[in-house]
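# Examination of the molecular architecture
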Amino acid sequence: MFFAYTLRPSLGREFVRPCMVLTHTAAAVFRALLFIFILILAGTIAPFAAAQTIKLSVDMSKAGAKIDRNIFGQFAEHLGHGVYEGIWVGPDSTIPNTRGIRNDVVAALKAIHVPNVRWPGGCFADEYHWRNGIGSSRAVTLNPNWGGVIEPNSLGTHEFMDFLDQIGAQAYLSVNVGTGTPREAAEWLEYLTTAQPTTLAKGRAANGHADPYKIGFLGIGNESWDCGGNMTPDYYLNQLRIYSRFVRNFNPAQQDKQRMLKIAVGPGGGEPRWTEWTEVIMKAYQHRSWSWDIDGLSMHSYTTGPWPPAFSSTNFGETEYSQFLKLTLAMDDLVSKHSAIMDKYDPEKKVALVVDEWGAWYAPVPGSNPGFLVQQNSLRDAILAALNLNIFARHAERVRMANIAQMINVLQAMILTDKEKMVLTPTYYVFKLYAPFQDSTFVPIALDPGTYVHGDITLPRVDAIAAKDANGKLWLAITNLDPNQSVEVEASLAGITAKSASGETLTGPKVDSINSFEAPSTVVPKAISPNVQGGKLTLKLEPKSVTVVSVEQ
Ligand code: AHR
C-alpha cells in the first residue's frame, strides 16, 4: 500500500505533461503499466487489484456470553435541542405530537427498539431538582452547564416517563449527588415507585399517574470527579454509600425480579487518576456491608482527539477518517484495563461495566451555540458506532450496558431535527441493523482481519462479530473499514446447516457522506444476497460499509 500512495502522484505527472514527445510518452506509459503489473503480481499495489478475500470461521456450538440489549441504550440530556425540540414540542405545537412528545421521533425510536434512556444528564443531572419538573406550575430555572439558557422544566418526570412508555424503553435516571441531597433523591424514588398512599404517591396520582412507575436503572451521580463536583474517589465513595443505602425503589413489582440496578460513577479514561478511581470503588464494593450495594460501574469515553474537540464532523477526507477510527479503537484497551481491575475485586462479574457515555465528539458546527454540542453525523460515524458495538459485544461478560451520547441533536445523534423536519443519521441505521443482536448470544469468530493502511495509520481492514438469537438464528455483523476497496468474505460455518442468508449493507458515496433534510437517503441500508453453499457463506463488502447478515438453517 505504501508503494501505491507514493507512486500515484508521479504517474499522474507523467500522464499530463503537455509538451512531451509522443513516442517518449508512449514508452513511459508502457514502462509505468509494466511496473504496475509487476506490483499487482507482487501484491503490493491494491487500488487496481481484485477485492481482497477475508476468511472467517464461526462455530455455532461455541456460544459465549449474552449480548445484553442494554448496550444499545440511549442518552437524553437537557442540553441544546436534545430534549426541547428533539423530544418535547408541547401539546400545542403544530408539529404532530402525543401529549407534547413528537410523533415522528417516537416512531423512529420504536423502530430501533431502544432498550433504555439515560436522563436528565450528564452534568445537568447534578443540578437538577426534580420538584421543578412536576405539577401544573413549573419553575423556570437555568441550565448553567449548557449555554446558560433558560430551563423551562416543561419536560419533567411524568413527561419523560410518558416518552419512555411511547417508545417502549426502560428508565435510567441519574440522581443529583452534586447539588442535591440523599433525601431529595430518596423522595424522588418514593414519588416514582411507591404503591402505598403516601403524600408523595398521592401527589404523583394528582399529577396523572396513580400506578407506581418502574425504574430500571439508577445512576448515583455523574462524572463526580469533574462536572459532578470535583470529588476525590474517597469523597465520592462516601456519598455513594449513603445514596445507595437510602435511594430505594418501592415498586412491589421490582422487589425480586426486575430489580432496579444501581450504577456508581466510574472512570473517564485510562490514566492513573481513573484506574485509581476504579480501584477505590471496586475495593470498597468487595468489602461492602449489607447496607449498600451497586450493580454497575459507569465509564465515560468519547472519541475526540485533541481537547477541546477540533475534528470537523463534515467536509473531511480519508486522513481524518482513518485517524478518527484509530482513536475510537482505543475503547477496547480501555474496557480491558478497567475490566481487569474489576476482575480483581469482583471475579464473578456481578458488577457491570456501564459505558453510559460514548461516541464521537467533534468541534461544534460553525455558527451553532458551542454549548449545544451540535455536530453532523456521517458514514464515518456509522463505522465508528459499529466498531464500538463490536467491542462491547466482545466484552459482553462485563459490559452489559452502554449509552451512546446523545440520542437527538447532540453529539453522535440518531436523529437530527429542525422544527418540523427530522432526519435519521447513518448512526441510527447502524442501531437499526444491529437490533437483532439485542439479548443474543455471542458466538466467537476466528478471523484474520487483514490491514487497511493510510499514510502512517494502520487499521484492521474488517471487523466482525457473530451471535445467535433466541430462535437459534445466526447473525453476522461485518464492517469493511477500507474506504477504497471492497472485500470478499468467505465464512466457514460450523455447528449449523446453513441453507440461505440475507442481509443489509450500509454505505455511502464518501467517508463524509451525511443524510440531510434535503437528501435524507444518502446513507441508508440496502438489501444484499449473500451466497450459501456447502457450509460456506460468501459475500462482497463494499468499501466503508457496515453489513449485517442472517443465516437460515
Ligand atoms: O454528553 C455531554 C457531557 O459529556 C455530559 O453532560 C457529561 O457527563 C460529559 O462530560
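The rules behind each value
- Residues numbered from 1 in each chain as written.
- Predicted model: local features only at pLDDT ≥ 70, side-chain atom pairs only at ≥ 80, totals over all residues.
- Heavy atoms only, no water.
- Salt bridge = Lys/Arg side-chain N within 4 Å of Asp/Glu carboxyl O.
- Helix = DSSP H or I, 4+ residues; strand = E, 2+ residues; numbered from the N terminus.
- Buried < 20%, exposed > 50% of the residue type's maximum accessible area, 1.4 Å probe, protein only.
- Pairing = 2+ DSSP bridges.
- Right-handed = clockwise from strand over helix to strand, strands pointing away.
- Expected span 1.5 Å × (residues − 1).
- Polar contact = N/O pair within 3.5 Å; in protein donor to acceptor, adjacent residues only side chain to side chain.
- Lys, Arg positive; Asp, Glu negative; His and termini not counted.
- Contact = heavy atoms within 4.5 Å.

### Overview of the pattern of salt bridges
- Applying the stated criterion across every chain yields a total of 23 salt bridges.
- In this structure, glutamate 357 engages arginine 118 in a salt bridge whose closest nitrogen and oxygen atoms are separated by 2.8 Å. Of the two residues, glutamate 357 sits in strand β13 (residues 352-360) while arginine 118 sits in strand β6 (residues 116-119), which places them 239 residues apart along the sequence.
- Accessibility expressed as a relative area gives 1% for arginine 118, which makes it buried.

### Observations concerning helix α4 (residues 157-167)
- With 10 of its 11 residues buried, α4 lies for the most part within the structure.
- Those residues of α4 not exposed but buried are Thr157, His158, Glu159, Phe160, Met161, Asp162, Phe163, Leu164, Gln166 and Ile167.
- Once α4 ends, the next one or two residues include glycine 168, with phi positive near 80°.

### Some thoughts on the pairing of strand β11 (residues 261-264)
- Bridge count between strand β10 (residues 217-220) and β11: 4 bridges; the pairing is parallel. Looking at β11, one finds that glycine 219 is bridged to isoleucine 263.
- Taken together, β10, helix α7 (residues 233-246) and β11 form a β-α-β motif whose crossover is right-handed.

### Describing helix α11 (residues 379-394)
- With 16 residues, α11 extends 23 Å between its outermost C-alpha atoms, agreeing within 8% with the 22 Å of an ideal straight helix rising 1.5 Å per residue.
- Burial of α11 is extensive: 15 of the 16 residues sit out of reach of the surface.
- For α11, the capping residue at the N-terminal end is serine 378, with a side-chain oxygen 3.2 Å from the backbone nitrogen of arginine 380.

### Focus: the side chain of glutamate 77
- Summarising the element assignment, glutamate 77 is placed in the loop between β3 (73-75) and β4 (97-98).
- The side chain of glutamate 77 is buried and forms no salt bridge, while arginine 118, the nearest opposite charge, is found at 6.3 Å.
- At 2.9 Å, the side chain of glutamate 77 forms a polar contact with the side chain of tryptophan 146.
- Apart from residues lying up to four places away in sequence, glutamate 77 is in contact with Gly82, Val83, Pro120, Gly121, Gly122, Cys123, Phe124, Trp146 and Gln406.

Limitation: the analysis is restricted to geometry and does not speak to function.
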